[in-house]
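Architecture at a glance
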Amino acid sequence: MPDTSPPAPPPPRSSLSAFIQAVRAIIWKDLAAELRSRELISAMLVFSLLMILIFNFALELDTQAKANITSGVLWATFAFAGTLGFNRSMATEKDRGCLDGLLLAPVDRSAIFFGKAIGNLVFMLIVEAIILPVYSVLYNTNLIIPGLLLVIVLGSVGYVAVGTLLASMAVQARTRDVLLPILLFPVAIPVLIAAVKGSGGFLEGARMADITPWLNLLVVYDVVFIAVAFMIFDYVVEE
Amino acid sequence: MKSQPRALYYLNIITLVLLAAATLVVFLYAPVELQMGRVQKVFYFHLSAAWVGMIGFAVSVIAGIAYLITRQRKWDVAGYAAVEVSLVFFFIAIVAGSIWARRTWGTWWTWDPRLTSAAIVELVYAAYLMLRQGIEDPDRRARFGAVYAIVAFISVPITFLSIRILRTIHPDLNQSDSGGMGLTPKMVQTLMFSLFVFSFVFADLFWHRLRLGQLGEKIEQLRLKVSE
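Predicted model only: the values in this text are computed from it and were never measured. (Residues numbered from 1 in each chain as written. Chains lettered and ligands numbered in written order. Predicted model: local features only at pLDDT ≥ 70, side-chain atom pairs only at ≥ 80, totals over all residues.)

Further remarks concern the overall build of chain A. Counting its regular elements, chain A contains eight helices and zero strands. Viewed in the frame of its principal axes, chain A has a C-alpha envelope of about 70 × 45 × 35 Å. Per-residue burial for chain A yields a buried fraction of 42% across its 239 residues. Taking all contacts inside chain A whose residues are at least 6 apart in sequence as the whole, residues at least 24 apart take part in 81%. (Helix = DSSP H or I, 4+ residues; strand = E, 2+ residues; numbered from the N terminus. Buried ≥ 20, exposed ≤ 12 C-beta atoms within 10 Å, placed from the backbone. Contact = placed C-beta atoms within 7 Å.)

The subject of this paragraph is helix α4 (residues 113-133) of chain B. Residues and elements named next belong to chain B. With 21 residues, α4 extends 30 Å between its outermost C-alpha atoms, agreeing within 8% with the 30 Å of an ideal straight helix rising 1.5 Å per residue. If you check which residues of α4 are buried, you get Ile120, Val121, Val124, Tyr125, Ala127, Tyr128 and Leu131. The arc that holds the buried residues of α4, viewed along the axis, is 145°, so those residues lie on one side. (Expected span 1.5 Å × (residues − 1). Arc of directions from axis to C-beta.)

All right, on to the packing of helix α5 (residues 109-138) of chain A against helix α6 (residues 146-170) of chain A then. Residue and element names in this part refer to chain A. Between α5 and α6, whose axes approach to 9 Å, the crossing angle comes to 135°. Accordingly, the angle class assigned to the pair α5 and α6 is oblique. α5 and α6 meet at a crossing whose hand is right-handed. Contacts from Phe113, Lys116, Ala117, Asn120, Leu121, Met124, Leu125 and Glu128 in α5 reach Ile152, Ser156, Val157, Val160, Ala161, Gly163 and Thr164 in α6. (Axes fitted to C-alpha atoms, helices over the stretch in contact; angles between N-to-C directions. Parallel < 35°, antiparallel > 145°, perpendicular 65-115°, else oblique. Left-handed = near helix turned anticlockwise from the far one by under 90°.)

The interface is formed by 24 residues belonging to chain A together with 26 residues belonging to chain B. Of all the secondary structure elements, the ones that give two or more residues to the side of chain A that touches chain B are α7 (176-204) and α8 (208-237) of chain A. Looking at which element gives the most residues to the side of chain A that touches chain B, the answer is α7 of chain A, with ten residues. Of the residues in the side of chain A that touches chain B, the class split is 19 nonpolar, two polar and three charged. (Nonpolar A, V, L, I, M, F, W, Y, C, P; charged D, E, K, R; others polar.)

See the structure below:
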């Protein structure tokens, strides 16, 4: 006869490992949901391709397009695709009442933030990982440069940190879909400037001394806004 | 309903007198700048308005933090009032700067670091107002307003810094060295006086806006009571 007694409670663990486990659970939930529906990444991807198509006509992009235009086009595309993803990922939580469920869970609230943010980051990096080779083929350039990849990761981290925080506010507003870009773009300007200039520097093969200030700025932005979001996310989701 | 408190009434009068005095000082006391001519006089109010606007944004972040800690509605009213008044002051500063730039640089607008940053600050706080408009629940509106005020205030110096780096790597021909403008003692005195006066203007408008906010709160509560 099978043992029907409830499983023994897990041994008490340190708060850090519990935190990490909560974060991992949320990321896993997002990835699993995405793996089944594929609605978020496909929307971001198609949108990004359309953006590149529009830029192609708007800016007369050709194979000789200058490196600084390429980085501008890439980051404009990522920024818009990002807002699309952040909004969607928070809206699904909100609409189906998942957010309330998450909030009821006995975990630290900031674990929810990190889970959602890392999930968003993964989606954004996947989209970027697809867009870069596609762009390389379309415009006969090579965008797979280690330095450029570093800038893209650093830029995406900062952008996702602020974007996730603001998206969790925007979805609770009446004007949710239009609100996120309006809230996000003005405060994300430093990260966009630094990312565009840093990427452009690597594409042009600029001297490292010219690129370092941008990398530093990206790191500073990432650290500052991850810390800020960590501290104030509690106030956004409470109630 | 209570009418204006007496202190506010006096503050109104003092502010009006001071503003008139400042105008006289700017036009009669301050010397005419040799190269730029009379248009340079807009500079005094331009800088004062920008300065006061900055103070207001600082007030909004302090009020935001205070609200999140104490949860007293008065801090939310204060933060909202500060942003609204400051946004107007900052806009005045941009317009005054534009008038000055037209004569001095020959264009209404250049993408100089200071101008670019000012435009972004204006947009950040416009976004703050839009966020508040989109939320009906007063507690949530106050909380989100406070959070956004904090995020905005932290982002502004980083934006400033990033635009600085941008322009030093790519020097701009239009870049001005307004920091090194040769100011005579009389000009400095005029500037200081304008700053002083504009602080009064800000205080006065802020107070009025605070009262407006408090009355708005009262109406909202009464409306809730009626609908119950």
